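Fold and geometry: a report
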Amino acid sequence: MKRGGAVLVMAAVVACVACAARPALAIKQFQDEFKAVYVKPDSSDPAEKALATAVEGAKCNVCHQGKEKKDRNAYGEALAAILDKKEDAKNVEKIRKALETVADQPSADGGPTFGDLIKMGKLPGGDPK
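The present account deals with the structure reproduced in this document. Keep in mind it's a predicted model, so treat the numbers as computed, not measured.

With that settled, consider unusual backbone geometry. For Lys59, which is not glycine, the phi torsion reads 50° and is therefore positive. We classify Lys59 as partly exposed; its relative accessible area is 47%.

Since the α-helix packs 3.6 residues into each turn, any two residues three or four apart lie on the same face. Between its first and last C-alpha atoms helix α3 (residues 46–58) spans 18 Å; for 13 residues at 1.5 Å apiece the expected length is 18 Å, and the two agree. In this structure, the buried side of α3 is in contact with α2 (28–38) and α6 (114–119). With a side-chain oxygen lying 3.0 Å from the backbone nitrogen of Ala47, the N-terminal cap of α3 falls on Asp45. Backbone geometry just downstream of α3 places Lys59 in the positive-phi region, at approximately 50°.

For the rest of this paragraph, the subject is the state of the cysteines. By the definition in use, this model includes zero disulfides. Left unpaired, Cys60 is separated from the closest cysteine sulfur, that of Cys63, by 9.1 Å.

With respect to the helices and strands, the residue Val62 is situated in the loop between α3 and α4 (74–80). Each C-alpha atom of the pair Val62 and Phe34 lies 9.3 Å from the other, and the pair is 28 residues apart in sequence. If near-sequence neighbours (up to four positions away) are discounted, Val62 is found in contact with Phe34, Val55, Asn73, Tyr75, Leu123, Pro124 and Gly125.

Turning to its location among the elements, Ser107 is positioned in the loop between α5 (92–103) and α6. A polar contact of 2.6 Å, which involves the side chain of Ser107, links it to the backbone oxygen of Pro112. Beyond its immediate chain neighbours, meaning those up to four positions away, Ser107 contacts Ala74, Pro112, Thr113, Phe114, Leu117 and Pro124.

Right, let's talk about the packing of aromatic side chains for a bit. Within this structure, the stated rule accounts for three aromatic pairs. Each ring, one from Phe34 and one from Tyr38, has its centre 5.0 Å from the other, and the planes form 50°; the classification is tilted. Here Phe34 pairs with Tyr38, and both are found in helix α2, just four residues apart, close to one helical turn. Grouping residues by exposure puts Phe34 and Tyr38 together as buried. Relative to Phe114, the ring of Tyr75 lies with its centre 5.2 Å away and its plane at 65°, an arrangement referred to as edge-to-face. With a gap of 39 residues between them, Tyr75 in helix α4 and Phe114 in helix α6 connect regions that are remote in the sequence. Residue classification places Phe114 among the buried residues on the basis of a relative accessible area of 3%. Site record: aromatic cluster; members linked through ring pairs are Phe34, Tyr38, Tyr75 and Phe114.

Rules behind the numbers
Residues numbered from 1 in each chain as written. Predicted model: local features only at pLDDT ≥ 70, side-chain atom pairs only at ≥ 80, totals over all residues. Heavy atoms only, no water. Buried < 20%, exposed > 50% of the residue type's maximum accessible area, 1.4 Å probe, protein only. Helix = DSSP H or I, 4+ residues; strand = E, 2+ residues; numbered from the N terminus. Expected span 1.5 Å × (residues − 1). Contact = heavy atoms within 4.5 Å. Polar contact = N/O pair within 3.5 Å; in protein donor to acceptor, adjacent residues only side chain to side chain. Disulfide = S-S within 2.5 Å. Phe/Tyr/Trp six-rings, centres within 6.5 Å; stacked < 30°, edge-to-face > 60°.

What follows is the structure in structure tokens.
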């Protein structure tokens, strides 16, 4: 293959990778504070270990679902009602207060609170889809 053909093939591969569906992205500061408050990877408690493993696997899908940033699970919706991604991204105190407030909210009609799910070692928004 000539050099020009190889460049075209490489450009096509790069374009395909760039256009591939991407998972929803979390606001890094929100994700960092969630982990700081709830994730204890070195704990010997089975529920805390389970949560740490689940959060590591879920990544952005602790709060999001689907492939778009705007697609949130119930936990993400509850946080989004309190936090603004632009105004609050650097406000650690407000982020932690929002996490505390949302932890007390029911995860579903008559279901356990988001905080109870976290204490059980489960993702507060349910298993990623």
